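# Descriptive structure summary
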Amino acid sequence: MADTATRHKADTATRHKNVGRPSAVWALPGALFFVFFAVAPMVLVGALAFTDWDGIGTPQWAGLSNWTRLWDDPETHQAIRLSLVLTVLTWLVQTPLALLLGVWAAGRQRNRAVLSAIFFLPLLGSSVALALVWKSLLDPNFGLIADIGPALGFEDGDLLGSSTGAFGAILFVTAWQFIPLHTLIYQGGARAVPRSLYDAAAIDGAGTVRQFFSVTLPQLRNTIVTSSVIMVVGALTFFDTVLILTKGGPGSDTTIMPYLMYKNGFQAFDLGYASAVATILVVVATTVSLLLVRLTGFTAMRSTREGM
């Protein structure tokens, strides 16, 4: 009898051991992909930041000349400031709208599925194609803006010819394109909130608004942080929309970091300086993301369903 119990315990321990986490070998393909297509290019760009290279021939060692120029270049300072402003405004505009739409889309309203599908259509198009469509709509001669421009304070309809108008257009187009993505994230998070919490809140007399602030928002804390990190990194790396809509103009009023990198690297063929700009962009994006995760306590969060 004792032998049978011992064998049973041994078999149970073996099964539990086999059900554990998979071997590190399973992560090898993903790790190799990350090393070759993320880590290696970043290391190469970091090395090129200390060279003088026009893309042809052999890069020549330049020491800290690119970094000295970067430190003294007012256009770079402006690009960093514009990138940070765009990031903050992107979060302030997109987060509340995506959160409210995601919570609504997670409900059981009539025609909700059809309306959600229509709303998610911008996710199916490429950024370049969508930017070209908006470029046509914002054409002061033939676009829709020629008719509605005066109502927006642009008598000649040249929205993209104004510093404020061009920056606002970039903010609007990117919000229109990417709010559906974050709405989808919030929709999934809202559907995971246990119905029992709402039932308990209703018994306590909480209405819809009180349930949103007392139940939904706390349960979506992890989701908000995840969406915010994706949003911040995306805002810091916007490029194609700026290239198509404004080309960094008027003047340099919409020249953000990614476009400054492109302009120096592929228009001026100064790939050493462009690599320095790219390195700063990676450092800024990584720092902001880590600060966001750190300050929100995301790494210490537990499952919102724990104990249920």
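Throughout what follows, the structure given in this document is the object of discussion. All figures in this text were calculated on a predicted structure; none of them were measured in a lab.

### Here's the deal with the environment of Phe239
Along the polypeptide, Phe239 turns up in the loop between helix H11 (221-236) and helix H12 (240-245). Measuring from C-alpha to C-alpha, the distance between Phe239 and Met261 comes to 9.8 Å, with 22 residues separating the pair along the chain. Not counting chain neighbours up to four residues away, the residues in contact with Phe239 comprise Pro258, Tyr259 and Tyr262.

### Here we look at helix H10 (residues 208-219)
Structurally, the α-helix is built with 3.6 residues per turn, so residues lying three or four positions apart point the same way. Over its twelve residues, H10 extends 15 Å from the first C-alpha to the last, a length consistent with the 16 Å expected when each residue adds 1.5 Å. Residues of H10 that are buried: Gln211, Phe212, Val215, Thr216 and Gln219. Angular distribution of buried residues about the axis of H10 spans 125 degrees; they occupy a single face of the element. H10 presents Val209, Arg210 and Phe213 as exposed residues on the side facing more than 90 degrees away from its buried surface. The elements touched by buried residues of H10 are helix H4 (74-105), helix H9 (195-203) and H11.

### Digging into the pattern of salt bridges
Side chains that differ in sign of charge can pair as their charged atoms come close. What the rule picks out here adds up to three salt bridges. The partner of Asp270 in a salt bridge is Arg69, with the nearest N and O atoms 2.6 Å apart. Taken together, the residues span a long stretch of sequence, with Asp270 in the loop between helix H13 (257-267) and helix H14 (271-295) and Arg69 in helix H3 (residues 65-72) at a distance of 201 residues. For Asp270, a relative accessible area of 17% puts it in the buried group. The shortest N-O distance in the salt bridge between Glu75 and Lys263 comes to 2.4 Å. In this pair, Glu75 is assigned in helix H4 and Lys263 in helix H13, connecting sequence segments 188 residues apart.

### Regarding the packing of aromatic side chains
In this structure the tally under the stated criterion is twelve aromatic pairs. When the ring centre of Tyr273 is taken as origin, the NZ or CZ atom of Arg69, which lies over that ring, is 3.7 Å away.

### Examining the packing of H9 against H10
Two elements in contact, H9 and H10, have axes separated by 10 Å at closest approach and are oriented at 160 degrees. Classified by the interaxial angle, the pair formed by H9 and H10 is roughly antiparallel. Taken as a pair, H9 and H10 cross one another with a handedness that is right-handed. Across the interface between the two elements, Leu197, Tyr198, Ala201 and Ala202 from H9 touch Gln211, Val215, Thr216 and Gln219 from H10. When grouped by side-chain class, the residues that make up the contact of H9 with H10 number five nonpolar, three polar and no charged.

### Side note on H11
Its 16 residues give H11 an end-to-end C-alpha distance of 23 Å, which sits within 8% of 22 Å, the value for a rise of 1.5 Å per residue. Buried within H11 we find Thr223, Val225, Ser227, Ser228, Met231, Val232, Ala235 and Leu236.

### What about the nonpolar core?
Among the nonpolar cores identified, the biggest contains 19 residues, and Leu86, Leu138, Leu159, Leu245 and Ile256 are the most heavily contacted of them. Only H4, helix H8 (163-191) and H12 provide two or more residues apiece to this core. With five residues, H8 is the largest single contributor of residues to this core. When residues no more than four places from it in sequence are discounted, the contact partners of Leu86 are Phe167, Ile170, Leu171, Ala235, Phe238 and Ile256. In terms of nonpolar packing, the next biggest core, distinct from the first, is built from nine residues, Leu70, Leu260, Tyr273 and Ala276 among them.

The rules behind each value
Residues numbered from 1 in each chain as written. Predicted model: local features only at pLDDT ≥ 70, side-chain atom pairs only at ≥ 80, totals over all residues. Heavy atoms only, no water. Helix = DSSP H or I, 4+ residues; strand = E, 2+ residues; numbered from the N terminus. Contact = heavy atoms within 4.5 Å. Expected span 1.5 Å × (residues − 1). Buried < 20%, exposed > 50% of the residue type's maximum accessible area, 1.4 Å probe, protein only. Arc of directions from axis to C-beta. Salt bridge = Lys/Arg side-chain N within 4 Å of Asp/Glu carboxyl O. Phe/Tyr/Trp six-rings, centres within 6.5 Å; stacked < 30°, edge-to-face > 60°. Lys NZ or Arg CZ within 6 Å of the ring centre and 35° of its normal. Axes fitted to C-alpha atoms, helices over the stretch in contact; angles between N-to-C directions. Parallel < 35°, antiparallel > 145°, perpendicular 65-115°, else oblique. Left-handed = near helix turned anticlockwise from the far one by under 90°. Nonpolar A, V, L, I, M, F, W, Y, C, P; charged D, E, K, R; others polar. Core = buried A, V, L, I, M, F, W, Y, C linked by side-chain atoms within 4.5 Å.

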